[in-house]
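Notes for the structure review
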Amino acid sequence: MSSGFTGGAPDFYNSCGIGERSVSMNKNPQGPYRQQVPGILLDPSNQIVQRRSDLSGKRSLAEFQVQHQQLQQPGIGLLLRSVKQRTYQHTSPISPLSPGEFPASISPEIPSGRYGLPLLHQLRPQPISLGNNVMVPRNPNLSAATYPNFPQNRGAVQESEPESEKKIKNRLQELEKQLLDDDDADGEGDGVSVVTNSEWSEAIQSLISPNQKPISPSSSSSSTSSIASSVPISPKQSALEAASAICEGMLDAAMESLTRLIQVANARGNSEQRFAAYMASALKSRLKAAENPPPVAELYSKDHVMATQMLYDMSPCFKHGFMAANLAILETTSSELSSAANNKYHVLDFDIGQGGQYVNLVHALGARLNGKPTSLKITTLADPSNGGAADERSKVGEILRQLAERFGIALKFNVVAHKFNELSRDSLGCEDDEVLVVNLAYKLYKMPDESVTTDNLRDELLRRVKSLQPRLVTVVEQDMNANTAPFSTRVSEACAYYGALFDSLDSTVSRDSSDRVRVEECLGRKLANSVACEGRDRVERCEVFGKWRARMGMAGFQPSLMSQHVADSMRSRVNSLHLCNPGFTVKEEAGGISFGWNGRTLTVASAWR
């Protein structure tokens, strides 16, 4: 009978009924592959070749099935088959993959009905390797059976331990042998189909990922390129790559990254695209300053100053920073003026701008009137070399004076043209019965420190303020590491900080608003100065809150923790005004109060004594 495997040796049986069929070794291991029988079907029963009368010692299908049923009964012998020894020095000429490329957890069994394996291979259980290329079937009822006919396995042979990776590879090689070249002895073709390259690739693919369709090598490159082309270009990544290339002096690579950034930039697009446009302009100024000069003098222009004031009014993070400073001023001074006959406040401001902070302060003072006469003196500094600045500040003072009269508050507004080293209590007109408060809101970041000049105007200003002996000093600053940080770090910080700021503005102001355009142009100038300039030309020198704390401590100040009432008031106000924008956050941070957008801190307000 033809069992699906060729062989010319007769069957013989021992006295115990255990059948062993010895197969002669083929002296030509590289014999030709057998051809597929025409008209073969995928049904395993159709792969059985009819019994041939010219061969003896072969069993019929019925005999084999009886034999197989006997194997399932305890105490009955096992069918053993000797397998030809083959060495696989190279991968299969048909398989595009090597059997050693698969993990050990992959089972070597392949559905034989699909790939035309012989019936005997389908019916026998998963084999167990016993060494010397000998495979025996696994029978759950005979796990402790012995095999006396194998000299290397005399005595009881227990079921093997979990197979190692090497054994798995050997089993995969045996599987490939069975699929490709199973001519045991006489080389007669008897129904074993030839496995094609595509079938073998599908079989291996089904072992690795049964739920995925095999991917042909010809389509892999095109699919990879299509996936790569579908991945969106990240503006931040392109900016960081350009910054890294600039630091390494690789101008061609920098221009390539800048080109990718320009591709996603759109001054009229969403917040990310608009930020990309301003970042691209800043990097252009860094690469080619002669063709695209970075903004320096523009930061002192009237248009920029006006746009900056609009930013303070438009952005909740900047605006509430002012309010937190006002509340800290009122809480500290109220306790000290409780026993005084008059409520006399004196606030020194180095950059009053349009006076928006003091509009809120006047309103807050009006709500706290306790029947005592209340007076507010505001002193601001003007550049002695700029006579027009004093006139502008006088106009702001007139507006504040009219507002204070509506609340019954006597307001005095003074403009002094002094340098820092000329400041004193006498030059500022301080009185003994008034409480002096110094407000440093968005002022210190523009003062050059020791990294720029030996004059170190930043520390000089703080020491001069300390000499005035104020009751309180309020500091409100942007939270960004852009002072002494290297160029690549400043680019990374700018991406995170200005990206969040653009996004927050997009959520509060209409995209068609002309005021928003002016504010974003102002931010674009600040961004370009921080990224493209160095030395004295870099005016934008923001610090993180931790560095401000260290600098204030070195100047002799002690932190004055803002009360829980200030934090709760700010949080309540932000939540009530921006219910549709849950991205705004208010947090208490190391004695200060931080305001941010989606986890990124933008401004921090703090108080010092």
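Heads up: the structure comes first, above all this text.
Overview of the structure. (Residues numbered from 1 in each chain as written. Predicted model: local features only at pLDDT ≥ 70, side-chain atom pairs only at ≥ 80, totals over all residues. Heavy atoms only, no water.)

**Some remarks on helix 8 (residues 251-264)**
Over its 14 residues, helix 8 extends 20 Å from the first C-alpha to the last, a length consistent with the 20 Å expected when each residue adds 1.5 Å. Taken together, the buried positions of helix 8 are occupied by Ala254, Ser257, Leu258, Leu261 and Val264. All buried residues of helix 8 lie within an arc of 110 degrees about the axis, which places them on one face of the element. With respect to the buried face of helix 8, the exposed residues turned more than 90 degrees away are Asp252 and Gln263. Where helix 8 is buried, its residues touch helix 7 (235-247) and helix 9 (271-287). (Helix = DSSP H or I, 4+ residues; strand = E, 2+ residues; numbered from the N terminus. Expected span 1.5 Å × (residues − 1). Buried < 20%, exposed > 50% of the residue type's maximum accessible area, 1.4 Å probe, protein only. Arc of directions from axis to C-beta. Contact = heavy atoms within 4.5 Å.)

**Some words on the pairing of strand 11 (residues 584-589)**
In terms of strand pairing, strand 11 meets strand 12 (residues 592-597) through six bridges, oriented antiparallel. Paired with Glu588 across the bridge in strand 12 is Ile593. Here strand 11 folds back onto strand 12 in antiparallel fashion, the turn holding two residues, of which Ala590 has a positive phi close to 50 degrees. (Pairing = 2+ DSSP bridges.)

**A word on the sheet that holds strand 12**
The strand order 8-7-6-9-10-13-12-11 describes an open sheet built from eight strands, whose pairing is mixed. The open sheet has two edge strands, strand 8 (410-416) and strand 11, and neither has a second partner. Shown here is a sheet whose adjacent strand axes are inclined to one another by a mean of 15 degrees, direction ignored. Of the pairings in the sheet, the one linking strand 12 to strand 13 (residues 600-608) comprises five bridges and is antiparallel in character. Across the sheet, the residue bridging to Gly596 is Thr601, located in strand 13. Sheet strands touched by helix 15 (residues 487-508): strand 10 (472-478), strand 11, strand 12 and strand 13. Its angle to strand 13, the strand with the most contacts, is close to 95 degrees. (Axes fitted to C-alpha atoms, helices over the stretch in contact; angles between N-to-C directions.)

**Let's talk about the packing of helix 10 (residues 302-314) against helix 16 (residues 514-532)**
Running from N to C, helix 10 and helix 16 cross one another at 110 degrees; their axes reach a closest spacing of 9 Å. Considering the angle they form, helix 10 stands roughly perpendicular to helix 16. The chirality of how helix 10 crosses helix 16 is left-handed. Seen from helix 10, the contacting residues are Asp303, His304, Met306, Ala307, Thr308, Met310, Leu311 and Met314; seen from helix 16, they are Asp515, Arg516, Arg518, Val519, Cys522, Leu523, Arg525 and Lys526. Of the residues assigned to the contact of helix 10 with helix 16, the class counts are eight nonpolar, two polar and six charged. (Parallel < 35°, antiparallel > 145°, perpendicular 65-115°, else oblique. Left-handed = near helix turned anticlockwise from the far one by under 90°. Nonpolar A, V, L, I, M, F, W, Y, C, P; charged D, E, K, R; others polar.)

**Regarding unusual backbone geometry**
Even without being a glycine, Tyr442 presents a positive backbone phi close to 55 degrees. Relative to the elements of secondary structure, Tyr442 occurs in the loop between strand 9 (435-441) and helix 14 (457-467). Overall, the relative accessible area of 0% leaves Tyr442 in the buried class. Phi angles above zero are rare outside glycine, and Gln469 is one such case at about 55 degrees. On the accessibility criterion, Gln469 (61% relative accessible area) is exposed.

**Let's talk about the environment of Glu534**
Topologically, Glu534 is positioned in the loop between helix 16 and helix 17 (545-554). Note: C-alpha distance between Glu534 and Asn483 (51 residues apart in sequence) is 10.0 Å. In contact with Glu534, other than residues within four places in its own chain, are Arg286 and Arg490. Side chain to side chain, Glu534 and Arg286 meet in a polar contact 3.0 Å long. (Polar contact = N/O pair within 3.5 Å; in protein donor to acceptor, adjacent residues only side chain to side chain.)

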